[in-house]
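Coordinates in review
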Amino acid sequence: MTVTFKEIEAFNNGHRDSIFILKSSLNKIKRGHSMLDIGALGVLVVDSPSKIHEYIDMFNECGEDYALGMILGYPPKCVLSFSRSSRMERKDFGTLISGTFSFMCPEELKDYAVNYMKDRYGLESQFIVNK
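Residues numbered from 1 in each chain as written. Predicted model: local features only at pLDDT ≥ 70, side-chain atom pairs only at ≥ 80, totals over all residues. Heavy atoms only, no water.

**Comments concerning helix 3 (residues 64-71)**
All of the buried residues in helix 3 are Y66, A67, L68, G69 and I71. Where helix 3 is buried, its residues touch strand 1 (18-22), strand 2 (34-38), strand 3 (42-46), helix 2 (49-62) and helix 4 (76-84). A positive phi of about 90° marks G73, the residue just after helix 3. (Buried < 20%, exposed > 50% of the residue type's maximum accessible area, 1.4 Å probe, protein only. Helix = DSSP H or I, 4+ residues; strand = E, 2+ residues; numbered from the N terminus. Contact = heavy atoms within 4.5 Å.)

**Some points on the sheet that holds strand 5 (residues 101-105)**
Overall, antiparallel pairing links the 3 strands, which are arranged 5-4-6 in an open sheet. Because the sheet does not close on itself, it has two edges, and the strands there are strand 5 and strand 6 (126-128). Strand-to-strand twist in this sheet, taken as the mean axis angle between neighbours without regard to direction, amounts to 25°. Here strand 4 (residues 94-98) pairs with strand 6 via 3 bridges, running antiparallel. Bridge assignment links T95 to a residue of strand 6, and that residue is I128. Of the strands in this sheet, strand 4, strand 5 and strand 6 touch helix 6 (residues 110-121), which is tilted by about 155° from strand 5. (Pairing = 2+ DSSP bridges. Axes fitted to C-alpha atoms, helices over the stretch in contact; angles between N-to-C directions.)

**Brief notes about the nonpolar core**
Of all hydrophobic cores here, the largest spans 23 residues; its most connected members are L44, Y55, F103 and C105. Here the element with the most residues in this core is helix 3; it accounts for 4 residues. Dropping the residues within four chain positions of it, Y55 is found in contact with L36, I38, L44, E64, A67, L68 and I71. (Core = buried A, V, L, I, M, F, W, Y, C linked by side-chain atoms within 4.5 Å.)

**A few points about the packing of helix 4 against helix 6**
At a minimum axis distance of 9 Å, the contact between helix 4 and helix 6 shows a crossing angle of 135°. If you check the angle between helix 4 and helix 6, you find them oblique. Residues P76, K77 and C78 of helix 4 lie in contact with helix 6, whose contacting residues are Y112, A113 and Y116. For the contact of helix 4 with helix 6, the class distribution of residues is 5 nonpolar, no polar and 1 charged. (Parallel < 35°, antiparallel > 145°, perpendicular 65-115°, else oblique. Nonpolar A, V, L, I, M, F, W, Y, C, P; charged D, E, K, R; others polar.)

Here it is, written out as structure tokens:
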């Protein structure tokens with residue numbers, strides 16, 4: 001039996017165009033892809049080389065957190081809030097789970113994020129308060 005994470009399965013089936021996974025999980029990617037090492041253990045896997053260039057441009061302009069969140073398809077206001085917040089501030093964020101997407105979001109952006117995921121991907125969402 002092979003264990004495949006939901007994100008990898010969604011990428012392999014064409015439901016996601018980018019994912020961030022551990023390097024040790026690369027052997028589970030079955031679809032054509034480009035990739036970029038991010039950090040010691042992680043890799044950004046995308047469906048086209050242009051997304052790697054887009055990530056690098058955003059990284060140089062806005063930083064890693066912003067670039068990664070945007071390439072992964074998270075709601076832009078949540079990405080911006082996360083990228084501008086400190087680690088202490090992030091402790092007050094909740095987690096929004098929507099299909100194979102899972103990301104941290106401040107509670108004041110919860111309704112925006114739920115609507116964004118519904119409008120963009122047709123996904124229902126669940127917001128979990130991390131306290």
